[in-house]
Amino acid sequence: MPTETLIEKELLNYVETRRDDLIALIQTLVRTPSENTPPSGAEAACQRFCQSYLESCGFSTDLYELSSIPGLETHPLFYPGRDYTGRPNLAATLKGSGGRSLILSGHIDTVPRGTLPWTRDPFSGHVENGRLYGRGSNDMKSGIATNLFVARAFHDLGLAPVGDLTIECVVDEEFGGVNGTLAGRLRGYLADAAVVSEPSFLRICPAQRGGRTAHITFQAPNAGILSDSMEVGVSDQLAWFLSQVPGFAALRRASAPAHFAYAHLANPVPVSVMKIHTGPWGTNEPMATANNCKVELFWQSMPGEGPEQIDGQFHSWLHDTVSARPDLFPEMPRVEFPLRWLPGSSIALDDPLIQELSISAAEVLGAPPAVAGIEGPCDMYVFHQQFGIPTVLWGASGANTHLADEYVDIESVVSAAKALLLFVHRWGLRPRVG
């Protein structure tokens, strides 16, 4: 049997026989909270653990503050208003001997645990029926663990990458941050390709949708419970607005360009009502007609679309919606965009990164993986659009992402790790082109 085939069998066997170590690694990450609560966050403890782990695998590590990066705050992609005190990025490198270089990237921050009731401790890493529960288990500490596990396999098996291998954990990806990912590139961590280990459901995702979050505030005259207008309040405004949202969604579907990565979707650019808020709840609050209501609306976009056209569509639609009912709206609702515009992005379907990762994944899964765009925005566009680095998403399956009882499917993590390990080993063996 050829030596290379023996090595690859050993790589797959390594993951299979040490799956408990992989599960334990995810649990450790979940049990070390790294919640992002803009403008601040608490990623430092998790970053220090990852640094220690990667150093034990023979990687040279670089734990750095975002404030130390020249040109970060003046870069066109920098998003102001975040506090990065005590929130370092981490990069770890294993030098190669001239083959193709690779970055394995992931964000260490998670959304907060939230106020929805969990049936399992969100920071326990509880395992039940093949699922590992906890905040960030799916998005994306299982992906971070997979990347770290690649480093452990290379160390334990005495393998050296032919091309430079960088593993990074960035801060502040959630809530449209992305400054951590930008900082990594400006720090000098560039490569011939990158894999971001987001939960892709064992699909290769060469594309991401864009996204925009809008906060729309409706206001009605005050009306106490003894007022003859108390039945009106803001409820009629809200009802009319919600009845018209499908019209904006139809406008988006009609105007968005087609894209190969989303051709399988009936609605490639959904418009979603995320939150509706009228005021405090409970018997500690006085009963009164709601005269103020905030709606969070989220719409997505295709690669190639810009914010100007879509924002124009939205404002025109909102103006027409309000103008059609002057009896309901004493004034135009207030509109705010609390997060940055996140663009859609993609690489070509025939990119070698997609083809080669697909071969490795097919050997593990028994069939070629699906190639499709991820269903939401993320930080991959920074690699694509600003630095010209071919990048895909590859990772495990799970559910309840950003909700209570978030979990990752353990078998899918094992499969994702096997495919990634095979791919990383093979990637550096082929020489650079050009």
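On a predicted model such as this, the values are computed, not experimentally measured, just so you know.

So, how was this worked out
Residues numbered from 1 in each chain as written. Predicted model: local features only at pLDDT ≥ 70, side-chain atom pairs only at ≥ 80, totals over all residues. Heavy atoms only, no water. Helix = DSSP H or I, 4+ residues; strand = E, 2+ residues; numbered from the N terminus. Buried < 20%, exposed > 50% of the residue type's maximum accessible area, 1.4 Å probe, protein only. Contact = heavy atoms within 4.5 Å. Areas by Shrake-Rupley, 256 points an atom, 1.4 Å probe, with all protein chains shown as cover. Axes fitted to C-alpha atoms, helices over the stretch in contact; angles between N-to-C directions. Parallel < 35°, antiparallel > 145°, perpendicular 65-115°, else oblique. Nonpolar A, V, L, I, M, F, W, Y, C, P; charged D, E, K, R; others polar. Core = buried A, V, L, I, M, F, W, Y, C linked by side-chain atoms within 4.5 Å. Salt bridge = Lys/Arg side-chain N within 4 Å of Asp/Glu carboxyl O.

### Notes on the overall build of the protein chain
Turning to step 1, where the next piece is worked out: Across its full length, the protein chain carries 10 helices and 18 strands.
Turning to step 2, where the next piece is worked out: Considered along the principal axes of its C-alpha atoms, the protein chain spans approximately 85 × 45 × 45 Å.
Turning to step 3, where the next piece is worked out: Of all 434 residues assigned to the protein chain, the portion counted as buried reaches 55%.
Turning to step 4, where the next piece is worked out: For the protein chain, contacts bridging at least 24 residues in sequence account for 84% of all contacts bridging at least 6.
Turning to step 5, where the next piece is worked out: Taken as a whole, the protein chain presents about 18200 Å² of accessible surface, with 55% of it coming from carbon and sulfur.

### Section: the packing of helix H2 (residues 19-30) against helix H3 (residues 44-56)
Turning to step 1, where the next piece is worked out: Relative to each other, H2 and H3 sit at 150°, their axes nearing to 10 Å. With respect to each other, H2 and H3 are oriented roughly antiparallel. Here Leu25, Thr28 and Leu29 of H2 lie close against H3, whose contacting residues are Cys46, Phe49, Cys50 and Tyr53.
Turning to step 2, where the next piece is worked out: Split by residue class, the contact of H2 with H3 holds six nonpolar, one polar and no charged.

### A look at the nonpolar core
Across soluble globular proteins, nonpolar side chains have a tendency to be buried as a group.
Turning to step 1, where the next piece is worked out: Phe59, Leu102, Leu104, Val195, Trp394 and Val424 are the most contacted members of the largest nonpolar core, which has 75 residues in total.
Turning to step 2, where the next piece is worked out: No other element matches the 12 residues that helix H10 (residues 410-427) contributes to this core.
Turning to step 3, where the next piece is worked out: Dropping the residues within four chain positions of it, Val195 is found in contact with Leu102, Ile103, Leu104, Ser105, Leu353, Val392, Trp394, Leu420 and Phe423.
Turning to step 4, where the next piece is worked out: Among the nonpolar cores identified, the runner-up in size contains 23 residues, and Val234, Trp317, Leu318 and Phe329 belong to it.

### Examining the pattern of salt bridges
Turning to step 1, where the next piece is worked out: Under the definition given, this model contains 21 salt bridges.
Turning to step 2, where the next piece is worked out: In this structure, Asp62 engages Arg187 in a salt bridge whose closest nitrogen and oxygen atoms are separated by 3.0 Å. Pair noted here: Asp62 is in strand E3 (residues 60-64) and Arg187 is in the loop between helix H5 (179-186) and strand E9 (194-196), with a separation of 125 residues, a long-range link.
Turning to step 3, where the next piece is worked out: Judged by relative accessible area, Asp62 falls into the buried class, the value being 15%.
Turning to step 4, where the next piece is worked out: Here Glu305 ties to Arg252 by a salt bridge, and the two come within 2.9 Å at their closest N and O atoms. With Glu305 in the loop between strand E13 (292-301) and helix H7 (307-323) and Arg252 in helix H6 (residues 235-255), this residue pair connects regions lying 53 residues apart in the sequence. As far as the burial class goes, Glu305 and Arg252 line up, both buried.
Turning to step 5, where the next piece is worked out: What you see here is one network of salt bridges that share partners, running through Glu16, Arg19, Glu411 and Lys418.

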